[in-house]
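Examination of the molecular architecture
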Amino acid sequence: MLLTVERLQTGYGRLEVLHEVSLAVDRGEIVTVLGPNGTGKTTLMRALSGVLPAWSGTVSFDGRDLGRTPPEQRAALGLCQLPEGRGIFQTLSVRENLDLGLVAARRSPVQGRADRDRVLEIFPELSARLAAPAASLSGGQQQMLALGRALMSRPTLLMIDELSFGLAPRIVSELFAIIRDLRDDGVTFLVVEQQASVLEVSDRTYVMRDGRNVLDDDSAVLLRSGDLAGSYLR
Ligand SMILES: Nc1ncnc2c1ncn2[C@@H]1O[C@H](COP(=O)(O)OP(=O)(O)OP(=O)(O)O)[C@@H](O)[C@H]1O
Ligand SMILES: [Mg+2]
């Protein structure tokens, strides 16, 4: 397994949010964590990226126990996160935002030129707007920019917190098609969502509720079981 999380417990102050959450992601998979508002999805992302310390349990990535490894070192190891709300710097240009992705990988803009060219091939809409401030982009384009910036750091495992947030279904489908292509090119994905529609693009899904694992299976199996949204998400 590329990522293994075992009995992870964490929270804020005295509030325990994750109650012994376990999951695993194999190389080349798209794995979804599905759960309603406030269930601890973002908290899980924070714990995996290292900004929130684990209280107990283990996280191992690419064969090493991450323990207290700080976020920038995790990113340099290839464990990267696309944060909730995208984390785009609105006043910086599209190009400057993309190049920020190189910082995590400790490479210079010159060293990253080929990566930028590749990202712009994947997202031609961005190449026409390289010098424009990120604030001038549509919501879908901003999500492309966030994805593009993450790709600049050549992630092994890319964690995405609510790719679909605030976007029209058509745009979400386009982005998921791109994610499948990237997966075929060797990137592994852990996608956290509250919309059950991600089951259509992911290989396996963990359903979380109130900070606990409640169910996991192949996404196709969960889709066939039908009443997932009814029983777990509302
Ligand atoms: N910084 C914080 N301080 C204290 N409590 C927090 C903090 N962030 C989140 N929480 C609490 O932790 C719980 C889980 O929140 P979290 O943001 O992880 O959920 P989520 O599944 O990502 O929800 P959403 O779908 O709304 O993004 C909630 O009860 C929330 O109020
Ligand atoms: Mg969240």
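As recorded by an unreviewed UniProt entry, the protein chain carries the name Branched-chain amino acid transport system ATP-binding protein and is attributed to Pseudonocardia parietis.

Let us look at the site of ligand 1. Inspection of the region around ligand 1 gives 15 residues, with Gly 38, Lys 41, Thr 42, Thr 43 and Glu 84 positioned closest. Residue Gly 38 places a main-chain N or O atom 2.8 Å away from an oxygen atom belonging to ligand 1. Separating an oxygen atom of ligand 1 from a side-chain N or O atom of Lys 41 is a distance of 2.8 Å. When ligand 1 sits alone it has 630 Å² of accessible area, and the protein chains cover 61% of it. Looking at the shell around ligand 1, the elements with two or more residues in it are strand 2 (15–25) and helix 1 (41–49). Considering each element in turn, the shell around ligand 1 owes the most residues, 4 residues, to helix 1. Looking at the shell around ligand 1 residue by residue, the class counts come to 4 nonpolar, 7 polar and 4 charged.

Per the domain assignment, the segments of the protein chain are domain 1 (1–78 + 157–234) and domain 2 (83–154). Using only C-alpha atoms to locate each centre, domain 1 and domain 2 end up separated by 23 Å. Interface of domain 1 and domain 2: buried area, both sides summed, is about 1400 Å²; carbon and sulfur atoms make up 67% of it. It is Leu 175, Ile 178 and Leu 182 in domain 1 that bury the most area against domain 2; as a group they hold 27% of the surface buried on that side. Across the contact surface, domain 1 and domain 2 share 1 salt bridge. With a closest N to O distance of 3.8 Å, Arg 118 and Asp 185 form a salt bridge. Put simply, domain 1 and domain 2 have 1 residue pair in polar contact (both at pLDDT 80 or more) between them. Of all the secondary-structure elements, those providing two or more residues to the side of domain 1 that touches domain 2 are helix 2 (71–76), strand 7 (157–161) and helix 7 (169–184). Within the side of domain 1 that touches domain 2, the residues separate by chemical class into 11 nonpolar, 2 polar and 5 charged.

With that settled, consider helix 1. Here helix 1 lies mainly inside the structure; 8 of its 9 residues are buried. For helix 1, the complete set of buried residues consists of Lys 41, Thr 42, Thr 43, Leu 44, Met 45, Ala 47, Leu 48 and Ser 49. Positive backbone phi, approximately 95°, marks Gly 50, located one or two places after helix 1.

This brings us to the sheet that holds strand 3 (residues 30–34). Read from one edge to the other, the open sheet built from 6 strands follows the order 6-7-8-3-9-10, with strand pairing classed as mixed. Among the strands making up the open sheet, the edge pair consists of strand 6 (79–82) and strand 10 (212–218). If you compare each strand with its neighbour and ignore which way they point, the axes differ by 20° on average. Note that strand 7 and strand 8 (residues 188–193) share 5 bridges and pair parallel. Looking at the pairing, Ile 160 lines up with Val 191 of strand 8. Strands in contact with helix 6 (residues 139–152) are strand 6 and strand 7; relative to strand 6, the strand with the most contacts, it is inclined by about 170°. The strands that helix 7 touches are strand 3, strand 7 and strand 8; relative to strand 8, the one it contacts most, it runs at about 150°.

Cut-offs used in this document
Counting restarts for each chain, with residues numbered from 1 along the sequence as it is written. Each chain takes a letter, starting from A, and each ligand takes a number, starting from 1, following the order in which they are written. The predicted nature of this model means local features are confined to residues of pLDDT at least 70 and side-chain atom pairs, given and counted, to a pLDDT of 80 or more, with totals for whole chains, interfaces and linings taken over all residues. Computation of side-chain values covers all heavy atoms of the structure but excludes hydrogens and water. A molecule or strand has a residue near it when one of that residue's heavy atoms lies within 4 Å. Any N or O atom pair separated by 3.5 Å or less is treated as a polar contact, with the protein-specific requirement of one donor-capable and one acceptor-capable atom, and with residues adjacent in sequence counted only for side-chain atom pairs. The accessible surface values rely on the Shrake-Rupley method and a 1.4 Å probe; as for residues, cover is taken only from the protein chains in view. Each helix corresponds to a stretch of at least 4 residues labelled H or I by DSSP, and each strand to a stretch of at least 2 residues labelled E; elements are numbered beginning at the N terminus. All amino acids are sorted into three groups, where Ala, Val, Leu, Ile, Met, Phe, Trp, Tyr, Cys and Pro are nonpolar, Asp, Glu, Lys and Arg are charged, and the leftover types, Gly among them, are polar. What counts as a domain boundary in this text is fixed by an automatic or database domain assignment. Defined here as a combined quantity, buried area equals the accessible surface (1.4 Å probe) lost by two parts on assembly, summed across both. Take a side-chain nitrogen of Lys or Arg and a carboxyl oxygen of Asp or Glu: if they are within 4 Å of each other, that pair is a salt bridge. Between buried and exposed lies partly exposed: a residue is buried under 20% and exposed over 50% of the maximum accessible area for its type, with that area taken using a 1.4 Å probe on protein chains only. Strand pairing is assigned whenever DSSP detects at least two bridges linking the two strands. Note on geometry: axes are lines fitted to C-alpha atoms, helical ones only across the stretch in contact, with angles between N-to-C directions running from 0 to 180 degrees. Note on definitions: a residue-residue contact is assigned when non-hydrogen atoms from the two residues lie within 4.5 Å.

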